[in-house]
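# Observations on the three-dimensional arrangement
In case you want the letters, here they are:
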Amino acid sequence: MPDTTRVPEGPHAFYERLEQDRFLPTANTRGPWDAESQHAGPPAALLARAVETRPDAREDMRLARITYEIHRPVPIRPLTLSVEVLRAGRSVEIVEAELSPDGESPVMRARALRIRTAEESVASVVDEPRVEAPVEGTREPFYPVPWDIGYHTAMEAVFDRGSFLERGPASCWMRMRVPLVAGEAIRPLDRVLTAADSGNGVSNVLDFGRHIFVNPDLTVHLHRYPVGEWVCVDARTSIDAAGIGLADTVLHDEKGPIGRGAQSLFVAGR
């Protein structure tokens, strides 16, 4: 039986599967603010994968929208994943998934809308400017992190505009260096949702050293699934003086826009 008391190090994956619905996070999931907590990207991808791969999932449906509620920081400890179909219709279904540490209430919940697809049924229309693929981009340094292994080393980041160390709107191409689950192929949604929670991280408008940013939710809409290995987070953050903000992100792959992400923010001085 795997040792669930350790935090696996090394580059092999974000998670190890302990049982069908139970996962052990590795050090690759570690976020930049707390050595004991995950970046929200990997657990977001894990929840979406559960929605897509559940035994009764229809192959003629595709995820169109997923909204996450982050109840509290997701710990780097074994997590159990549960999935429930809330509505099963002919053309639309709503599915809920939760992640819970052993013996505790859920720390993160996702509610997904999946819509039936009809191949080549209408003309394709996209009204968003395209961001150039990352061939000519710049690999900018990550903002200072006090540990050697984490989300910041498990993801490759190439900026078309801005950087982690600059404030303001930015366009950052991101690629997973490791699979979501050890020994399992990377799925298209893994690539999008591992990156989508980074919108405010790349487009921050206030000094992270002097302010705290908490995003208690994330919503991602997709009109197309990605192709290729890279996902672009083209983001800008707006903050009101009352301390409530919004990070608005257009998501791209190398062929063009694929959808949009939004994060609500609580912002305060340290």
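Residues numbered from 1 in each chain as written. Predicted model: local features only at pLDDT ≥ 70, side-chain atom pairs only at ≥ 80, totals over all residues. Heavy atoms only, no water.

## Observations concerning helix α1 (residues 41-53)
Where we set the bar: In this description a helix means any DSSP run of H or I spanning at least four residues, a strand means any run of E spanning at least two, and both kinds are numbered starting from the N terminus. Each residue after the first adds 1.5 Å to the expected span of a helix. Accessibility here uses a 1.4 Å probe with only protein chains present; expressed as a share of the type maximum, an area under 20% marks a residue as buried, one over 50% as exposed, and anything in between as partly exposed.
With 13 residues, α1 ought to run about 18 Å at 1.5 Å a step, and its terminal C-alpha atoms sit 18 Å apart, in line with that. Within α1, 12 of the 13 residues are buried, which leaves the element mostly enclosed by the surrounding structure. Residues of α1 that are buried: Gly 41, Pro 42, Pro 43, Ala 44, Ala 45, Leu 46, Leu 47, Ala 48, Arg 49, Ala 50, Val 51 and Glu 52.

## A closer look at the packing of aromatic side chains
Quick reminder of the rule: Only rings of Phe, Tyr and Trp enter the pairing, Trp through its six-membered ring, and a pair is recorded when the two centres are within 6.5 Å. The plane angle decides the type: under 30 degrees is stacked, over 60 is edge-to-face, the rest tilted. When the NZ atom of lysine or the CZ atom of arginine is within 6 Å of a ring's centre and also within 35 degrees of its normal, the charge is said to sit over that ring.
Enumeration over the complete set of coordinates arrives at two aromatic pairs. For the pair Phe 159 and Phe 164, a centre-to-centre distance of 4.9 Å together with 85° between the ring planes defines the contact as edge-to-face. Both residues of the pair, Phe 159 and Phe 164, belong to the buried class. The ring of Tyr 225 carries Arg 62 above its face, with NZ or CZ at 5.4 Å from the centroid. The ring of Trp 33 has Arg 270 sitting right over it, with the charged end atom 5.9 Å from the ring centre.

## A word on the state of the cysteines
Note the cut-off: Throughout, a disulfide means two cysteine sulfur atoms within 2.5 Å of one another.
Summed over all chains, the structure comprises zero disulfides. Of all cysteine sulfurs, the one in Cys 232 lies closest to Cys 172, which takes part in no disulfide; the gap is 7.3 Å. Among the residues examined, Cys 172 registers a relative accessible area of 0% and is labelled buried.

## A word on the pattern of salt bridges
How we decide: Salt bridge, as used here: a side-chain nitrogen of Lys or Arg that lies within 4 Å of a carboxyl oxygen of Asp or Glu.
All chains considered together, the criterion is met by 21 salt bridges. Salt-bridge contacts for Arg 58 lead to Asp 60; the nearest nitrogen and oxygen are separated by 2.9 Å. Here Arg 109 ties to Glu 98 by a salt bridge, and the two come within 2.6 Å at their closest N and O atoms. Of this pair, Arg 109 sits in strand β6 (residues 108-116) while Glu 98 sits in strand β5 (residues 92-101), and the two are 11 residues apart along the sequence. Residue classification places Arg 109 among the partly exposed positions, given a relative accessible area of 21%. Salt bridges sharing common partners tie together Glu 69, Glu 96, Glu 98, Arg 109 and Arg 111.

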